[in-house]
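Architecture at a glance
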Amino acid sequence: MMVNTRPTGRAMTLPGGLAMGLGVSMFVTMAATLILTKLVLGERMQMQNIGYGILIMLITASFLGAMVAQGRVKHRRLLVCILSGVVYYCVLLGSTALFFGGQYSAVGVTGLLVLAGSGAAA
């Protein structure tokens, strides 16, 4: 049975929702990076285990960014979530090119983690 609802006019455009999702993803990335840095410098976490922290950070950041984006756009959830992950991944690649001179490593693994996080939100 289909229920007719009145449009409220609160949905954002697709680029606006993706921008909000990207902002959340980047904020979570920066906050998690700060936390990981504090753990390593405080010797509560060994340098060999930082990969696990980065794994959790990438999945969480892409998941939360996709959730915010699809919550703002309010339609085409799968498309919005996947596009949010693609935008986040492109920004990560661009940041690597800008700050680290294009020395890419583990690009495929990062892509799969971002896809897993944004796909879980879908």
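Residues numbered from 1 in each chain as written. Predicted model: local features only at pLDDT ≥ 70, side-chain atom pairs only at ≥ 80, totals over all residues. Heavy atoms only, no water.

Let us look at the side chain of Ser118. You can see Ser118 is positioned in helix H4 (residues 107–121). Look at Ser118 and you get buried, because its relative accessible area is 1%. Looking at Ser118, its side chain comes within polar contact range of the main-chain oxygen of Leu115, at 3.4 Å. Discounting residues that sit within four places of it in the chain, Ser118 has contacts with Ser62, Phe63, Ala66, Cys81, Ile82 and Gly85. (Helix = DSSP H or I, 4+ residues; strand = E, 2+ residues; numbered from the N terminus. Buried < 20%, exposed > 50% of the residue type's maximum accessible area, 1.4 Å probe, protein only. Polar contact = N/O pair within 3.5 Å; in protein donor to acceptor, adjacent residues only side chain to side chain. Contact = heavy atoms within 4.5 Å.)

What follows covers the environment of Ala121. Counting through the fold element by element, Ala121 comes out in helix H4. Its relative accessible area of 10% is what places Ala121 among the buried residues. C-alpha separation for the pair Ala121 and Phe63, spaced 58 residues apart in sequence, amounts to 5.6 Å. Among residues more than four places away in sequence, those in contact with Ala121 are Phe63, Ala66, Met67, Gln70 and Cys81.

What follows is about a nonpolar patch on the surface. Nonpolar side chains collect at one region of the surface, where Leu55, Ile56 and Ile59 lie side by side and expose about 240 Å² of accessible area between them. Relative to the assigned elements, Ile56 resides in helix H2 (residues 50–73). When its relative accessible area of 52% is taken as the criterion, Ile56 is described as exposed. (Patch = residues over 30% accessible without salt bridge, like charges linked within 9 Å, V, L, I, M, F, W, Y side chains within 5 Å. Areas by Shrake-Rupley, 256 points an atom, 1.4 Å probe, with all protein chains shown as cover. Salt bridge = Lys/Arg side-chain N within 4 Å of Asp/Glu carboxyl O.)

Further remarks concern the layout of surface pockets. Here the largest pocket is characterised by a volume of approximately 810 Å³. Contributing to the lining of the largest pocket are 28 residues, with Ile54, Met57, Leu92, Thr96 and Phe100 lying nearest its centre. Contributing elements (two or more residues each) for the lining of the largest pocket: helix H1 (14–41), H2, helix H3 (77–99) and H4. The element contributing the most residues to the lining of the largest pocket is H1, with 8 residues. Split into classes, the residues belonging to the lining of the largest pocket amount to 20 nonpolar, 8 polar and no charged. (1 Å grid on protein atoms, 1.4 Å probe; cavity = no way out; pocket = protein on both sides within 12 Å on 5 of 7 lines; lining within 4 Å. Points joined across faces, edges and corners; volume = space filled by probe spheres on them. Nonpolar A, V, L, I, M, F, W, Y, C, P; charged D, E, K, R; others polar.)

With that out of the way, let us pick up H1. End to end, H1 covers 40 Å across 28 residues, agreeing with the expected 40 Å (1.5 Å per residue, within 8%). Looking at H1, one finds that the buried residues are Gly16, Gly17, Leu18, Gly21, Ser25, Met26, Val28, Thr29, Ala32 and Leu36. Taken together, the buried residues of H1 touch H2 and H3. Positive phi shows up at Glu43, right after H1, with a value of about 60°. (Expected span 1.5 Å × (residues − 1).)

Moving on: the packing of H1 against H2. In the contact formed by H1 and H2, the axes pass within 8 Å of each other and the chain directions differ by 155°. In terms of orientation, H1 lies roughly antiparallel with respect to H2. For the pair H1 and H2, the sense of crossing is right-handed. (Axes fitted to C-alpha atoms, helices over the stretch in contact; angles between N-to-C directions. Parallel < 35°, antiparallel > 145°, perpendicular 65-115°, else oblique. Left-handed = near helix turned anticlockwise from the far one by under 90°.)

Ranked by size, the top nonpolar core spans 10 residues in total: Met26, Val28, Ala32, Met57, Leu58, Ala61, Tyr88, Leu92, Leu113 and Val114. Every element with two or more residues in this core is listed here: H1, H2, H3 and H4. Non-local contacts of Met57, meaning those with residues more than four positions away in its chain, are made with Thr29, Ala32 and Thr33. (Core = buried A, V, L, I, M, F, W, Y, C linked by side-chain atoms within 4.5 Å.)

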